[in-house]
Amino acid sequence: MKDRRVLMVILDMLAGHWDKDVIVPFTGLQPPNVLGYVEAGKLPVFQECISNGIFVYCWNKGNCNTAYGQKYLASGTYKGIEVAPGADPYCRFIKGGEIKTILTACKERYPSGKVASFGSDAWMQTGWWKAPDATYGWGSYFSDFLTTQTCFKWMMESHDWKMVLLYLAQYDKTGNCPLFKEGASYTEDKHHSLLYLDKLLWMIKEFLKENNWWEETYLFIGSDHGCHYGCNISVEEGRKRGIPDKELINYCSNHQEPYDCYLWDFKRNKSTDKRLDCTRRTTFIISGGGLEERNKGKVIPYGEIIDFAPTIAKLMDIEFPAEGKSLV
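Note that the structure is a prediction, hence the values are computed from the model and not measured.

A. Geometry of the overall build of the protein chain. Assigned secondary structure in the protein chain consists of nine helices and 16 strands. Computed over C-alpha atoms, the radius of gyration of the protein chain comes to 19 Å, within 12% of the 20 Å expected from 2.2 N^0.38 for 328 residues, which places it in the range of a compact globule. The buried share of the protein chain, taken over its 328 residues, is 58%. Sequence separation of at least 24 residues holds for 68% of the intrachain contacts in the protein chain that already meet a minimum separation of 6. Computed over 39 positive and 41 negative side-chain charges, the separation of the two mean positions in the protein chain equals 2 Å.

B. Here's a closer look at the pattern of salt bridges. Inspection of the entire model under this criterion finds 17 salt bridges. The partner of Lys 114 in a salt bridge is Asp 160, and the shortest N-O contact between them spans 3.2 Å. With a gap of 46 residues between them, Lys 114 in strand 5 (residues 114-120) and Asp 160 in the loop between helix 6 (144-157) and strand 7 (161-168) connect regions that are remote in the sequence. For Lys 114, a relative accessible area of 29% gives the class partly exposed.

C. Examining the nonpolar core more closely. Residues Met 8, Ile 102, Trp 129, Met 163, Phe 220 and Ile 312 are the most contacted members of the largest nonpolar core, which totals 45 residues. Residues contacting Met 8, with those up to four places away along its chain left out, are Ile 102, Leu 103, Trp 129, Met 163, Val 164, Leu 165, Leu 166, Phe 220, Phe 308 and Ile 312. Within the second largest apolar cluster, 41 residues are counted, among which are Trp 161, Leu 166, Trp 213 and Ile 285.

D. Broad picture of the pairing of strand 7. Of all eight residues in strand 7, eight are buried, a share of seventy percent or more. Relative to strand 7, strand 1 (residues 5-11) runs parallel, the two sharing six bridges. Of the residues in strand 7, the one forming a bridge with Val 6 is Met 163. As paired strands, strand 5 and strand 7 are joined by five bridges and run parallel to one another. Of the residues in strand 7, the one forming a bridge with Lys 114 is Trp 161.

E. Structural detail: the sheet that holds strand 10 (residues 228-229). What the three strands build is an open sheet, ordered 8-11-10; its pairing is antiparallel. Either end of the sheet is taken by a strand with one partner, and the two such strands are strand 8 (177-178) and strand 10. By the bridge criterion, two bridges tie strand 8 to strand 11 (residues 251-253) in an arrangement that is antiparallel. Across the sheet, Cys 177 pairs through a bridge with Cys 252, a residue of strand 11.

F. Spatial organisation of the packing of helix 6 against helix 7 (residues 190-210). In contact at an axis separation of 12 Å, helix 6 and helix 7 are set at 10° when each is read in the N-to-C sense. As far as their axial angle goes, helix 7 and helix 6 are roughly parallel. Between helix 6 and helix 7, the contacting residues are Asp 144, Phe 145, Thr 148, Gln 149, Phe 152, Met 155 and Met 156 on the first element and Tyr 196, Leu 200, Met 203, Ile 204, Phe 207 and Leu 208 on the second. Within the contact of helix 6 with helix 7, the residues separate by chemical class into 10 nonpolar, two polar and one charged.

G. Region of the structure containing the packing of helix 2 (residues 44-51) against helix 7. With their axes 7 Å apart at the nearest point, helix 2 and helix 7 run at an angle of 55° to one another. By the angle between their axes, helix 2 is oblique relative to helix 7. Taken together, the residues of helix 7 that come into contact with helix 2 (itself represented by Pro 44, Val 45, Phe 46, Glu 48 and Cys 49) are Leu 197, Asp 198, Leu 201, Trp 202, Lys 205 and Lys 209. Classifying every residue of the contact of helix 2 with helix 7 by side-chain character gives seven nonpolar, no polar and four charged.

Cut-off values and rules
- Residues numbered from 1 in each chain as written.
- Predicted model: local features only at pLDDT ≥ 70, side-chain atom pairs only at ≥ 80, totals over all residues.
- Heavy atoms only, no water.
- Helix = DSSP H or I, 4+ residues; strand = E, 2+ residues; numbered from the N terminus.
- Rg over C-alpha atoms; globule rule 2.2 N^0.38 Å.
- Buried < 20%, exposed > 50% of the residue type's maximum accessible area, 1.4 Å probe, protein only.
- Contact = heavy atoms within 4.5 Å.
- Lys, Arg positive; Asp, Glu negative; His and termini not counted.
- Charge placed at Lys NZ, Arg CZ, Asp CG, Glu CD.
- Salt bridge = Lys/Arg side-chain N within 4 Å of Asp/Glu carboxyl O.
- Core = buried A, V, L, I, M, F, W, Y, C linked by side-chain atoms within 4.5 Å.
- Pairing = 2+ DSSP bridges.
- Axes fitted to C-alpha atoms, helices over the stretch in contact; angles between N-to-C directions.
- Parallel < 35°, antiparallel > 145°, perpendicular 65-115°, else oblique.
- Nonpolar A, V, L, I, M, F, W, Y, C, P; charged D, E, K, R; others polar.

Quick look at the structure:
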């Protein structure tokens, strides 16, 4: 196992899948989500990762607040997450003590391999993605491109890296915004921002290949939660923000409660009884040249966000107590 590495790419607020019956009338596509856009031929790099990897229909069955989603990804558990009275909700020092993260577990298993994390300061410094050897955190919506470049520089200077967390936060800005805006740039709408994420993923893959790391790397792509679109919650939130009713069909709200939402009938201007639970549809893809051939091309019909870290642990032969389970 000494020749295996893990690069985790966490993309904030990225839906991994959607109800196949929901089609956006003015794009002819599903609401922006990884699998739906892959099947429509819009995300060639994500498509390659899925075709040569594992796609999981993944759900966040806990709290869809960002603070909790990151905890679930890092710790593999819903339990014991309740924050102690007066404590920082973004911190991992909680009731019952400290919960082990996949980064700290990796360092315990491979003490000679370097473990690092790069991303938003809120996650890097408060514990859930704080890494044993190097932790780099910037403001909440610091450039994803520059975060990636800093990560690349560190990896090139640390050839003995074993596990790296690359957290890209800017897609999280695509809440309370249009679903589609003609000619939009990154973070201005959901549609064009998702297309840009595909380009970032291409850059990450090429970097690993150019440095001869691809064949020994497990590439884990995940997210903490999705967003609300085309449901009773997005309509209610849009109306609160003064969005005209005729424009609500092109409005994407953030991931505020309640997380269990229902499909909105725009023609009849009322909610249906069809559950969408948009924010719970998280991303979980396993790819990379290190993935064994027998696992490539698999689709796992159900998994949860707490299975992310235990699956990494299984592939890396790391002892990792968790509520979630390995999906491989």
